[in-house]
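Remarks on the overall topology
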Amino acid sequence: MGRKLDALLGRNLKTSKFKALAKLAISRTAILKNQRQVRCSHARSDVIELLNLGHQERALLRVEHVIKDQNMLDVFAMIDSYCNLLIERVALLQKNKECPDELKEGISSLIFATSRCGEFPELQKIRQILTSRFGKDFADCAIELCNNCGVNPKMIQKLSTRQPSLEIRLKMLKEIASEIGVTLHLEEDAQVIVEEQQEPNKSSNLDGPPLRGNGHESAAEEIILDETFSESMKGRKKYYSNAAAAAQDAFESAAYAAAAARAAVELSRSESRDNDPDDHSGSTH
């Protein structure tokens, strides 16, 4: 009777089908990692060019995108690892109607990642199978980050919607600057103290609920979210140690980061061309 009920409710786990799906998910992560690596490399190149041109403040803006792209690369690596783990231990999934303790982190983390990783159809199907197997309450616990949900804290951090802190951005910028032999002059002027006004219905802490919906947020929707975030910045009180530190206020707005940095690079290139004597001499002939 129990087996018939499981069949009727779709709770039977077909190991061959699940393993094939997990392997497809691994292949998908390889594609997504390559795409994200290209984006990360471009952002990193922009930072290097800005540093070489002496635009350290703009480089600090642009480095945020390097951090976000690197975070997603780390997430894809974790998804890959968890999918491989489930392939190896698929027999445990078939035998147990309760989530095995040794697989809880992997299963919970995959379910959580599904709500944050956008277009990832194979992962969506894995989530459906795991939800059917272990129950909606189990899945909701992982998505909403309830106590003892089992989600890897590192994955929670990497998929956080919070803007990277000034300290983290400075650390990354310092690493990049060190690689190309550039000395940073930002650290003394970057002491920004931000006092956030707590809003009753909005929270950006890591334990808060993730973005709702099916996790298929488009680029346009991301821009809307960024614009909403920039509006919330108006409610913050900021104190600066000196006039130079006040300039760091621009760094707190993620909405204009990419546009400002890209414009700076293009303008700098244009100015370099205009000031190049070879170009002027060449134009007279």
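Quick note: structure is the one above.
My aim in this report is to walk through the structure given alongside it, one point at a time. (Residues numbered from 1 in each chain as written. Predicted model: local features only at pLDDT ≥ 70, side-chain atom pairs only at ≥ 80, totals over all residues. Heavy atoms only, no water.)

1. Brief notes about the overall build of the protein chain
Formally: Secondary structure follows DSSP: runs of H or I at least 4 residues long count as helices, runs of E at least 2 residues long count as strands, and numbering of each begins at the N terminus. Think of it in three bands: residues with accessible area under 20% of the maximum for their type are buried, residues over 50% are exposed, and the middle band is partly exposed, with areas taken using a 1.4 Å probe on protein chains only. Contact between two residues is taken to exist if any of their heavy atoms lie within 4.5 Å; hydrogens are not considered.
Within the protein chain one finds 13 helices and two strands. The proportion of buried residues among the 285 residues of the protein chain is 38%. Within the protein chain, counting contacts between residues at least 6 apart in sequence, those at least 24 apart form 80% of the total.

2. So, unusual backbone geometry
Glycine aside, residues mostly have negative phi angles, and peptide bonds mostly take the trans form. Phi angles above zero are rare outside glycine, and Leu145 is one such case at about 55°. If you trace the backbone, Leu145 turns up in the loop between α7 (136–143) and α8 (153–158). Take Leu145: its relative accessible area is 11%, and that puts it in the buried class. The backbone phi angle of Asn148 is positive, close to 60°, even though this residue is not glycine.

3. Here's the deal with the nonpolar core
Where a protein is soluble and globular, its nonpolar side chains tend to be buried together. Filter applied, for reference: Within this scheme, the nonpolar core is defined by two criteria: the residues are buried Ala, Val, Leu, Ile, Met, Phe, Trp, Tyr or Cys, and they are joined through side-chain atoms within 4.5 Å.
Grouped together as the largest cluster of nonpolar side chains are 42 residues, with contacts concentrated most on Ile79, Ile107 and Met155. Put simply, the parts of the chain that give this core at least two residues each are α2 (15–52), α3 (56–88), α4 (90–95), α5 (101–114), α6 (121–134), α7 and α8. At nine residues, the largest contribution of residues to this core is made by α3. Apart from residues no more than four positions distant in its own chain, Ile107 is found in contact with Leu86, Leu93, Cys99, Leu130, Phe134 and Phe138. Counting residues in each nonpolar core, the second largest holds 19 residues, with Ala59, Val66, Leu166 and Leu184 among its members.

4. Observations regarding the packing of α2 against α6
Selection rule: Helix axes are fitted to C-alpha atoms over the stretch in contact, other axes to C-alpha atoms as well, and angles between N-to-C directions run from 0 to 180 degrees. Note on convention: near helix rotated counterclockwise from far helix by under a right angle means a left-handed crossing. Clockwise means right-handed. The classification used treats Ala, Val, Leu, Ile, Met, Phe, Trp, Tyr, Cys and Pro as nonpolar, Asp, Glu, Lys and Arg as charged, and all other residues, Gly among them, as polar.
Packing of α2 against α6 brings their axes to within 8 Å, and their N-to-C directions diverge by 145°. Remark: the crossing between α2 and α6 carries left-handed chirality. Of the residues in α6, those touching α2 at Phe18, Leu21, Ala22, Leu24, Ala25 and Arg28 are Pro121, Glu122, Lys125, Ile126, Ile129 and Leu130. Grouping the constituent residues of the contact of α2 with α6 by class yields nine nonpolar, no polar and three charged.

5. A look at the packing of aromatic side chains
Filter applied, for reference: To pair, rings of Phe, Tyr and Trp, with the six-membered ring standing in for Trp, must have centres within 6.5 Å; the planes then decide the type, stacked if under 30 degrees apart, edge-to-face if over 60, and tilted in the middle.
Under the definition given, this model contains one aromatic pair. With a centroid separation of 5.8 Å and 55° between ring planes, the pair formed by Phe134 and Phe138 is classed as tilted. Taken as a pair, Phe134 and Phe138 share a single burial class, namely buried.

6. Quick word on the side chain of Gln163
Within the element layout of this structure, Gln163 appears in the loop between α8 and α9 (166–179). Look at Gln163 and you get buried, because its relative accessible area is 15%.

7. Points about α7
Count 3.6 residues to each turn of an α-helix, and residues three or four apart come out pointing the same way. Among the residues of α7, those classed as buried are Phe138, Ala139, Cys141, Ala142 and Ile143. Buried residues belonging to α7 abut α5 and α6. Looking one or two places after α7, you find Leu145, whose phi comes out positive at around 55°.

8. Here's the deal with the pattern of salt bridges
Filter applied, for reference: We define a salt bridge as a side-chain nitrogen of Lys or Arg found within 4 Å of a carboxyl oxygen belonging to Asp or Glu.
Scanning the model with the defined rule gives nine salt bridges in all. Notably, a salt bridge pairs Arg36 with Asp69, separated by 3.0 Å at the nearest N-O pair. Placement of the pair is Arg36 in helix α2 and Asp69 in helix α3, with a sequence separation of 33 residues. Here the two residues Arg36 and Asp69 agree in accessibility, since each one is buried. Asp74 is the salt-bridge partner of Lys158, the closest N and O atoms lying 2.9 Å from each other. In this pair, Lys158 is assigned in helix α8 and Asp74 in helix α3, connecting sequence segments 84 residues apart. According to the relative accessible area criterion, Lys158 is buried, its value standing at 16%. One network of salt bridges, in which partners are shared, links Arg36, Arg39 and Asp69.

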